[in-house]
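Listed below are the residues making up each chain.
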Amino acid sequence: MHTKIYQNLEIESQELSEAAEILKRGGIVAFPTETVYGLAARADSETASKLSELKSRKEGKYYSLHIPFPEALSSYVPEIDLKSKKIVDNFWPGPLTMVFKVPPEKMPRKHRKLAEKWDSIYHNQTVGVRCPDEETAARFLYLAGIPVVATSANISGKEPAVSGKEVIEQFDGKVDAIIDGGVCTEALNSTVAMISQNKLMVLREGAVKEQELLDISAIKLLFVCEANTLSSPIAAELCRKSLAENFDCSVSQLEEKGYNISCAGVKIEIDKPAQNAAMEFAKSIGGNLDEHTTTGLSEKDIIESDAIFVMAKKQRERILEFYPQVRDKCYLLRKGKDIIEPDGKGEDFQKFVELLEDSVNKRLGEIVL
């Protein structure tokens, strides 16, 4: 096989377009990323088999999709959980492969046939996706304009190539084209991670360290009402209870799992305790509001929270008046309607806490879990 070798390429060069055309026609192209060199192939079973044969890799292994920019993720994964979104927003483009769960019913229609033809892309209802932080790689993937899978440029069992020279030594005459981009800046494998049952799992640690991912993926939820003596403290307790049940852990373990839940009021009396009804209800569900004192809504809380849940439209309007940038993460707890606090403890109070619980669980399911 004759291998075309492209060196000293400009981003807008015709040669890079040629390399993309070779890929589209079913060829295998070695290309640089910031971590190691990759071997790229068109995402179908025929070229995947060629890739496996080239690497002396056992059949049945699956390859990660490579995308030119983060926004392309939605073409393959229509919905992602809040933890995964935080990781993607902070580390892409970058040296991180994320594995996402994609149930068949949520798979984008245009890629269902692709998945049916080759289970190694959506493998066990998951797909690994990488968005390299290297301009030649990004442009190459963009010019290809098709689903592209890639794996490290090495024979199985050997170290991945981290320079154009190493790729040429290993694959000249074995692949259709090599894009020589010099030495990789990271020269270390990408990290592979996924969120499973809302827990971070690092499948392979590389350029991004596990602690970095844990720190970034921590979720902060804020519940807001007017006085911070009834609605928001109860909602926060219900949230803790729901998350602990979901993760099969104690409430005290939520923080180590990366969840911080707090509450505040937009118009408070300083150092006032929770209402007696709130304290009694918290105890009835295994919580405790005995030490609760009213907390005012701070700029730090608003900016740093990943989701803000308010009880009434007027509270959301007040927040957005001063912080319009949080519009996309500030929600009415009850979709489309206010939650009104009751005057007493009787039947109205019971309906009130049932409404709060239902609203909290729905919002957690929609936005957090």
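Since the model is a prediction, treat every value here as computed from it, not as a measurement.

A. Focus on the overall build of the chain. Across its full length, the chain holds 12 helices and 14 strands. Dimensions of the chain, computed from the C-alpha atoms along their principal axes, are close to 85 × 35 × 35 Å. Counting every position in the chain, which comprises 369 residues, the buried fraction comes to 53%. For the chain, the share of sequence-separated contacts (at least 6 apart) that also reach a separation of at least 24 residues comes to 69%. Of the roughly 18000 Å² of accessible surface on the chain, a fraction of 46% belongs to carbon and sulfur atoms. A gap of 4 Å separates the mean positions of the 48 positive and 58 negative side-chain charges of the chain.

B. Representation of helix α1 (residues 14-24) in the model. Every buried residue belonging to α1 is among Leu16, Ala19, Ala20, Ile22 and Leu23, and all of these are buried. Each buried residue of α1 sits inside an arc of 155° when the element is viewed along its axis, so together they form one side. Contacts from the buried residues of α1 go to β1 (4-7), β2 (29-31), β3 (38-42), α5 (135-144), β7 (148-152) and β8 (177-180). Just downstream of α1 lies Gly26, where phi reads positive at about 105°.

C. Structural view of the packing of helix α8 (residues 231-247) against helix α12 (residues 347-368). At a minimum axis distance of 9 Å, the contact between α8 and α12 shows a crossing angle of 50°. It follows that α8 is oblique to α12 by the angle criterion. The way α8 lies across α12 gives a crossing that is right-handed. Residue-level inspection shows Ser231, Ile234, Ala235, Leu238, Cys239, Lys241, Ser242 and Leu243 of α8 in contact with α12, the latter providing Phe349, Phe352, Val353, Leu356, Glu357, Val360, Asn361 and Leu364. Its residues assigned to classes, the contact of α8 with α12 shows 11 nonpolar, 3 polar and 2 charged.

D. Spotlight on the sheet that holds strand β12 (residues 259-265). Strand order in the open sheet formed by 4 strands is β12-β11-β13-β14, and the pairing between neighbours is parallel. Where the open sheet ends on each side, the last strands, each with one partner, are β12 and β14 (330-332). On average, each strand axis in the sheet is tilted by 25° relative to the strand beside it, whichever way the strands run. Across 4 bridges, the pairing between strand β11 (residues 219-225) and strand β13 (residues 307-310) is parallel. Within β13, the residue paired with Val224 across the bridge is Val310.

E. Examining the state of the cysteines more closely. A full pass over the atoms with the stated rule returns 0 disulfides. Cysteine Cys184 shares no disulfide, and the gap to the nearest cysteine sulfur, in Cys131, comes to 16 Å. The class for Cys184 is buried, based on a relative accessible area of 6%. Left unpaired, Cys225 is separated from the closest cysteine sulfur, that of Cys263, by 7.3 Å. Residue Cys225 is classed as buried on the basis of its relative accessible area of 1%.

F. Up close: the environment of Tyr62. Note that Tyr62 resides in the loop between α2 (45-55) and β4 (64-66). On the basis of relative accessibility, which here comes to 32%, the residue Tyr62 falls in the partly exposed class. It is 19 Å that separates the C-alpha atoms of Tyr62 and Val175, two residues lying 113 residues apart in sequence.

G. Local environment of the layout of surface pockets. Here the largest pocket defines a volume of roughly 980 Å³. What lines the largest pocket is a set of 32 residues, and nearest its centre among them are Glu79, Ile80, Asp81, Leu82 and Lys85. Listed by contribution, the elements that provide at least two residues to the lining of the largest pocket are α3 (82-91), β5 (96-101), β9 (191-196) and α12. Of the residues in the lining of the largest pocket, the class split is 14 nonpolar, 6 polar and 12 charged. In this structure, the second largest pocket spans a volume of roughly 690 Å³. Looking at the second largest pocket, it is lined by 29 residues, and the ones nearest its centre are Arg57, Ser64, Thr151, Val192 and Arg204. Those elements that place two or more of their residues in the lining of the second largest pocket are β4, β5, β6 (126-130), β7 and β10 (199-204). At 3 residues, β7 tops the list of elements feeding residues into the lining of the second largest pocket.

Reading the values: rules and limits
In every chain, residue numbers begin from 1 and rise along the written sequence. Restriction of local features to residues with pLDDT of at least 70 applies here, the model being predicted, together with a cutoff of 80 or more for giving and counting side-chain atom pairs; totals for whole chains, interfaces and linings are based on all residues. Note that water and hydrogens are dropped before the side-chain values are worked out from all heavy atoms of the structure. Secondary structure elements follow DSSP: runs of H or I no shorter than four residues count as helices, runs of E no shorter than two count as strands, and numbering proceeds from the N terminus. Relative accessibility decides the category of a residue: with a 1.4 Å probe and only protein chains considered, values under 20% of the type maximum give buried, values over 50% give exposed, and everything between is partly exposed. Contacts: residue pairs with any heavy atoms within 4.5 Å of one another. Every accessible area reported is derived by Shrake-Rupley at a probe size of 1.4 Å, with residue values counting cover from the shown protein chains alone. The positive count covers Lys and Arg only, the negative count covers Asp and Glu only, and His and the chain ends enter neither. Charged side chains are reduced to one point each, which is NZ for Lys, CZ for Arg, CG for Asp and CD for Glu. To obtain the arc, one takes the directions from the helix axis to the C-beta atoms. To define axes, lines are fitted to C-alpha atoms, for helices over the stretch in contact only, and angles between the resulting N-to-C directions are given on a 0 to 180 degree scale. An angle below 35 degrees is treated as roughly parallel, one above 145 as roughly antiparallel, one from 65 to 115 as roughly perpendicular, and anything else as oblique. Helix crossings are classified by the rotation of the near helix relative to the far one: an anticlockwise turn of less than a right angle makes the crossing left-handed, while a clockwise turn makes it right-handed. The nonpolar class holds Ala, Val, Leu, Ile, Met, Phe, Trp, Tyr, Cys and Pro. Asp, Glu, Lys and Arg form the charged class, and all remaining residues, Gly among them, are polar. Two strands qualify as a pair provided that DSSP identifies no fewer than 2 bridges between them. Cysteine sulfur atoms that pair up within 2.5 Å are treated as a disulfide. Lining residues are defined by having an atom within 4 Å of a point belonging to a cavity or pocket. Those points lie on a 1 Å grid over the protein atoms alone, cavities being sets where a 1.4 Å probe fits but cannot get out and pockets being open sets with protein on both sides within 12 Å along at least five of seven lines. Grid points are joined across faces, edges and corners, and a volume is the space filled by probe spheres set on the points.

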